[in-house]
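# Examining the three-dimensional arrangement
What follows is the residue order along each chain.
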Amino acid sequence: MLGFLIGALLGTLCLLLPFSTRPGQHIDSLDALFVAMSGICVTGLSTVNIGQTFSAFGQVILLLLIQLGGLGIVTFTTLVLCIFRRRITLSDRMLIQSAYNLDTLSGLVKLTIHVLKATLLLEGLGAVGYSLVFIPEYGLKGIWYSIFHAVSAFCNAGIDLLGGNSFCGYRENIIINFTTIFLIIVSGLGFPVYWEILRTLRPRRHAGRDTYIRKMNLHTKIVLLATLFLVLAGTILTLVLEYDNPDTLGNLSLPGKLTASLFQSVTLRTAGFATIPQEAFRPASCLVYLILMFIGGSPAGTAGGVKTVTLVLMLASMFANIRGRKDVTVMRRKIADDTIRRCVAIITFSFSVLILLTAALLAVQHSDFLDTLYEMTSAIATVGLSRGLTGVLCPAGKLIVTLTMYLGRIGPITLALAFNSRSAPGNVSCAESRVIIG
């Protein structure tokens, strides 16, 4: 919690420096705090036009905040300790273990280094993809644009330098669309899934496709299946609900409609880039998007939200209770009771914060209910999509959204770590009693 808070405050001070903004541009302390918090929480909401307001120095500061927030304080702390050849203590290793949801203390420092290498590799591939469009269009400036947007997409920040319209000008550009989709999906899967896929794909004698799938652990299977289902569901629902809407998909060709629908479905996984203005979507579509944003990506990655695995386990628990089963099982594997309790805590915390702070923003902003709920869901799930409310927030509204972004970034993680401890000493078993529910 302190790591993200200190990072945001240091970023605010750096963005307030005179040479952080372009000549003739000015940013006050509240807007600087908002942008810095949005960067380190990899949210993407902004009260100012990033490309027009900040100089090259300010953009570099923002990029560092995005990278720090995307990889996490734990990864960077471990990296610094390794660079200065400091000893990694047992408590440090336990923190890494909790951050990446691992079941072993061996090889954790090496894993962290692999995470950094994988990040640089994937961001590099993304920068190459973007450069095919940005360099011919912007010249040498296109190199910086390619690097910035690759990091922003991989870290699921959604912050752009293109004038505040995100990727709306590239709605039917295949390279921009699929480079962004690739970066969002691979980062949203979570780093442990990478290693598990690589491990299972190692050549084995007499190994068939079903063998590879069976060798994957339960976490990887849940992540891959849930991600595939949510992306396809979001794409199909967007296509159906917006097919004839002239403000969104109505005037596009069929391939354009498919691409735009896929992009919208993927970016809702906490990425924040947009090829269609969010205020143009119909209310029915926005309801679907609220659910997808709240779910977010997968654990131990750069995405936010309550996470796909959390949702799957909650649904499994619900069906187990409906069927009168004692154990919660997924793919013929029993899920531990403490894991289910953590899922309940994460979802309850996130939903409670969302409702309370949405009510607070409605009280001070007096804005449209759907626009406000969309803004706050985007903030707590660190998505960064807005229906135009961010730019007109009052000072109190900016503080509320800033707090929501912060709680959304650290809340579920902190709760998961807190509930990850073993039975605390002094626990007392109370007498059991039954109450009426339902």
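Scope of this entry: the structure provided in the associated data block. Being a predicted model, the structure only gives us computed values, none of them experimental. (Residues numbered from 1 in each chain as written. Predicted model: local features only at pLDDT ≥ 70, side-chain atom pairs only at ≥ 80, totals over all residues. Heavy atoms only, no water.)

## Digging into the overall build of the chain
In terms of regular secondary structure, the chain is built from 18 helices and two strands. Across the 438 residues of the chain, 52% fall into the buried class. The long-range fraction of contacts in the chain, counting pairs at least 24 apart against all pairs at least 6 apart in sequence, stands at 69%. With an accessible surface of roughly 21200 Å², the chain has 66% of that area assigned to carbon and sulfur atoms. (Helix = DSSP H or I, 4+ residues; strand = E, 2+ residues; numbered from the N terminus. Buried < 20%, exposed > 50% of the residue type's maximum accessible area, 1.4 Å probe, protein only. Contact = heavy atoms within 4.5 Å. Areas by Shrake-Rupley, 256 points an atom, 1.4 Å probe, with all protein chains shown as cover.)

## Some words on the layout of surface pockets
Quantified by volume, the second largest pocket comes out at close to 620 Å³. Lining the second largest pocket are 26 residues, with Ser46, Gly164, Asn165, Ser166 and Ser386 sitting closest to its centre. Across the lining of the second largest pocket, the residue classes tally to nine nonpolar, 15 polar and two charged. (1 Å grid on protein atoms, 1.4 Å probe; cavity = no way out; pocket = protein on both sides within 12 Å on 5 of 7 lines; lining within 4 Å. Points joined across faces, edges and corners; volume = space filled by probe spheres on them. Nonpolar A, V, L, I, M, F, W, Y, C, P; charged D, E, K, R; others polar.)

## Considering the pattern of salt bridges
Tallied over the full model, the rule gives five salt bridges. In this structure, Lys398 and Asp31 form a salt bridge, with 2.8 Å as the shortest nitrogen-oxygen distance. Of the two residues, Lys398 sits in helix α18 (residues 395-418) while Asp31 sits in helix α2 (residues 29-40), which places them 367 residues apart along the sequence. The same class applies to Lys398 and to Asp31, which are both buried. The partner of Lys334 in a salt bridge is Asp327, with the nearest N and O atoms 3.6 Å apart. A residue is classified by how much of its surface remains accessible, and Lys334, at 56% relative accessible area, is exposed. By relative accessible area, Asp327 is classed as partly exposed at 31%. (Salt bridge = Lys/Arg side-chain N within 4 Å of Asp/Glu carboxyl O.)

## Quick notes on the side chain of Asn156
With respect to the helices, strands and loops of the structure, Asn156 is situated in the loop between α8 (141-154) and α9 (174-189). Look at Asn156 and you get buried, because its relative accessible area is 0%. Not counting residues up to four positions away in its chain, the partners in contact with Asn156 are Val42, Ile184, Ser187, Arg269, Thr270, Ala271, Thr302, Ala303 and Thr382.

## Details of the packing of α8 against α9
In contact at an axis separation of 8 Å, α8 and α9 are set at 40 degrees when each is read in the N-to-C sense. By the angle class used here, α8 and α9 are oblique. Seen from α8, the contacting residues are Ala150, Ala153 and Phe154; seen from α9, they are Thr180, Leu183, Ile184, Val186 and Ser187. Taken together, the residues that form the contact of α8 with α9 break down as six nonpolar, two polar and no charged. (Axes fitted to C-alpha atoms, helices over the stretch in contact; angles between N-to-C directions. Parallel < 35°, antiparallel > 145°, perpendicular 65-115°, else oblique.)

## Thoughts on helix α17 (residues 369-380)
Here α17 contains 12 residues, and its C-alpha end-to-end distance of 16 Å stays within 8% of the 16 Å for a straight helix at 1.5 Å per residue. The buried count for α17 comes to 11 of 12 residues, which makes it a mostly enclosed element. What α17 keeps buried is the set Leu370, Asp371, Thr372, Leu373, Tyr374, Glu375, Met376, Thr377, Ser378, Ala379 and Ile380. The opening residue of α17 is Asp368, an N-cap whose side-chain oxygen sits 3.1 Å from the backbone nitrogen of Leu370. At the C-terminal side of α17, Thr382 shows a positive phi close to 50 degrees. (Expected span 1.5 Å × (residues − 1). Polar contact = N/O pair within 3.5 Å; in protein donor to acceptor, adjacent residues only side chain to side chain.)

## Regarding helix α4 (residues 56-71)
The terminal C-alpha atoms of α4, which comprises 16 residues, lie 23 Å apart, in line with the 22 Å expected from a rise of 1.5 Å per residue. Counting buried residues in α4 gives 12 out of 16 residues, a clear majority hidden from the surface. Among the residues making up α4, those that are buried are Gly58, Gln59, Ile61, Leu62, Leu63, Leu65, Ile66, Gln67, Leu68, Gly69, Gly70 and Leu71.

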